[in-house]
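Now for the letters of each chain:
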Amino acid sequence: MGKSAITVISVPFGMGAGRPGSEMGPDHILKFGLVKKLHQLGYEVSYDKRILLPEHIEIAANISSPMKHEAEAIAISSVLAREVADTVRQGGTPLILGGDHSISMGTLSGLTQHYRELGVIWFDAHSDLNTEATSPSGNMHGISLAVALGLAGIKPQEIASGAVPIKPEHCVIIGARDLDRGEKAFIRSCGITCFTMHEIDRLGIEHVVNEALRIAGDGTDGIHLSFDIDSVDPIEAPGTGTPVRGGVSYREAHLALELMNESGVITSADFVEVNPSLDHNNQTSKLVVDLIGSLFGSRIL
Ligand SMILES: NC(=[NH2+])NCCC[C@H](N)C(=O)O
Ligand SMILES: [Mn+2]
Ligand SMILES: [Mn+2]
């Protein structure tokens, strides 16, 4: 990432997850020294932006939808999309703190108003590629990538006018190890690249990340990193709502983000799914602060 000003956007929204708590994520990540760390790395940082649910949700709830809190997730995403688009227009680098992963519908819709051919690197134990028709849970955080790709009933243009869907060939998932049946079928057929834990074990994280940067950068005008903290092994990141064993290690996560920093091509990022109420001694919030540090240039030596 270049040394442009960073605009931290807090999104204390957790209704897209199956259990409450991730709405406390942004305040915890800020409390454990994020801004100080970014200042030390030489960035100008603004961190007063907080996206809250509008008092009157304008989008009528779709009563035939099987998804829980759909109207709320769309409403918060619309407000977030506007803020993200404004940030990019003003030359800032958006750094969004979730919140559950449903908010990435808003981040990506806002970004594509500017980056018409956006690449996406999606770090996650899951793929969040269910649709309203395949979701086993009804939880909005499980469909957000499908929405951004234009595959779900909810379309990016409904979240932000002028938004365009991400193309599957510009999208790379890293760290997957818990995929639902509909998601697997889709990944196999659509041209998305998915480096599961199997590929990370076989090829090594350095190779996987370099490939991801190449694929997400090929023919695109920006690359967004969406980092679901449940991509990291629950031993290191227990404070998350849908933990899955066998994840990315502490060092693999840092190396991945260090490589992304070195590449200089990441244009925005979000860090989501920190649930402080499930955390052990705030270990997960602190980890996220350090991981964001690596993305923005922190080095061991
Ligand atoms: N962002 C997340 N943590 N997503 C978990 C999704 C779990 C499951 N695939 C579902 O659709 O409900
Ligand atoms: Mn996710
Ligand atoms: Mn996940």
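Residues numbered from 1 in each chain as written. Chains lettered and ligands numbered in written order. Predicted model: local features only at pLDDT ≥ 70, side-chain atom pairs only at ≥ 80, totals over all residues.

Draft legend 1. Spatial organisation of the UniProt feature "binding site: Mn(2+) 2" (unreviewed entry) in the chain. In this numbering, the UniProt entry assigns the feature "binding site: Mn(2+) 2" (unreviewed entry) to Asp124 and His126. Turning to its location among the elements, Asp124 is positioned in the loop between β4 (118-123) and α5 (144-148). According to the C-beta neighbour criterion, Asp124 is buried, with 30 such atoms within 10 Å. Look past the residues within four positions of Asp124 in its chain and what remains in contact with it is Ile173, Gly175, Ala176, Asp228, Asp230 and Ser231. If you trace the backbone, His126 turns up in the loop between β4 and α5. Its 25 C-beta neighbours within 10 Å are what place His126 among the buried residues. With residues up to four places along the chain from it excluded, the contact list for His126 reads Gly142, Ala176, Asp178, Leu179 and Thr242. (UniProt positions renumbered as here; feature names shortened; annotations may be inferred. Helix = DSSP H or I, 4+ residues; strand = E, 2+ residues; numbered from the N terminus. Buried ≥ 20, exposed ≤ 12 C-beta atoms within 10 Å, placed from the backbone. Contact = placed C-beta atoms within 7 Å.)

Draft legend 2. Examining the packing of helix α9 (residues 205-217) against helix α10 (residues 250-263) more closely. Put simply, α9 and α10 touch, their axes get as near as 10 Å, and they point 35° apart. In the packing of α9 onto α10, the handedness of the crossing is right-handed. Taken together, the residues of α10 that come into contact with α9 (itself represented by Ile205, Glu206, Val209, Asn210 and Leu213) are Glu252, Leu255, Ala256, Leu259, Met260 and Ser263. Taken together, the residues that form the contact of α9 with α10 break down as seven nonpolar, two polar and two charged. (Axes fitted to C-alpha atoms, helices over the stretch in contact; angles between N-to-C directions. Left-handed = near helix turned anticlockwise from the far one by under 90°. Nonpolar A, V, L, I, M, F, W, Y, C, P; charged D, E, K, R; others polar.)

Draft legend 3. Representation of helix α4 (residues 104-111) in the model. Counting buried residues along α4, eight of its eight residues qualify, which places the element largely inside the surrounding structure. Every buried residue of α4 is accounted for by Ser104, Met105, Gly106, Thr107, Leu108, Ser109, Gly110 and Leu111.

Draft legend 4. Up close: the UniProt feature "binding site: Mn(2+) 1" (unreviewed entry) in the chain. Residues given the UniProt feature "binding site: Mn(2+) 1" (unreviewed entry) here are His101, Asp128, Asp228 and Asp230. A maximum C-alpha distance of 12.1 Å among these annotated residues, which run over 130 residues, shows that they cluster at one spot. Residue position: His101 is located in the loop between β3 (93-98) and α4. Excluding its chain neighbours within four sequence positions, the residues that come into contact with His101 are Gly16, Asp128, His141, Ser144, Asp228, Val272 and Glu273. Checked against the element boundaries, Asp128 lands in the loop between β4 and α5. Asp128 has contacts with His101, His141, Gly142, Ile143, Ser144, Leu145 and Ala146, leaving out every residue within four places of it along the chain.

Draft legend 5. Structural context of the nonpolar core. Of all hydrophobic cores here, the largest spans 88 residues; its most connected members are Val11, Ile121, Val172, Ala212 and Val288. Ranked by residues supplied to this core, first place goes to helix α3 (residues 70-89) with nine residues. (Core = buried A, V, L, I, M, F, W, Y, C linked by C-beta atoms within 7 Å.)

Draft legend 6. Summary view of the sheet that holds strand β5 (residues 171-176). The sheet built from eight strands is open, its strands ordered β2-β1-β3-β8-β7-β4-β5-β6 with parallel pairing. Taken across any chain shown, the strands that pair with only one partner, and hence form the sheet edges, are β2 (45-50) and β6 (193-196). Along the sheet, successive strands turn relative to each other by an average axial angle of 15°, direction set aside. With six bridges connecting them, strand β7 (residues 222-228) and strand β8 (residues 266-272) associate as parallel partners. Its bridge partner being in β8, Leu225 is matched across the sheet by Ala269. Taken strand by strand, α3 contacts β1 (6-11), β2 and β3, and its axis lies near 175° from that of β1. (Pairing = 2+ DSSP bridges.)

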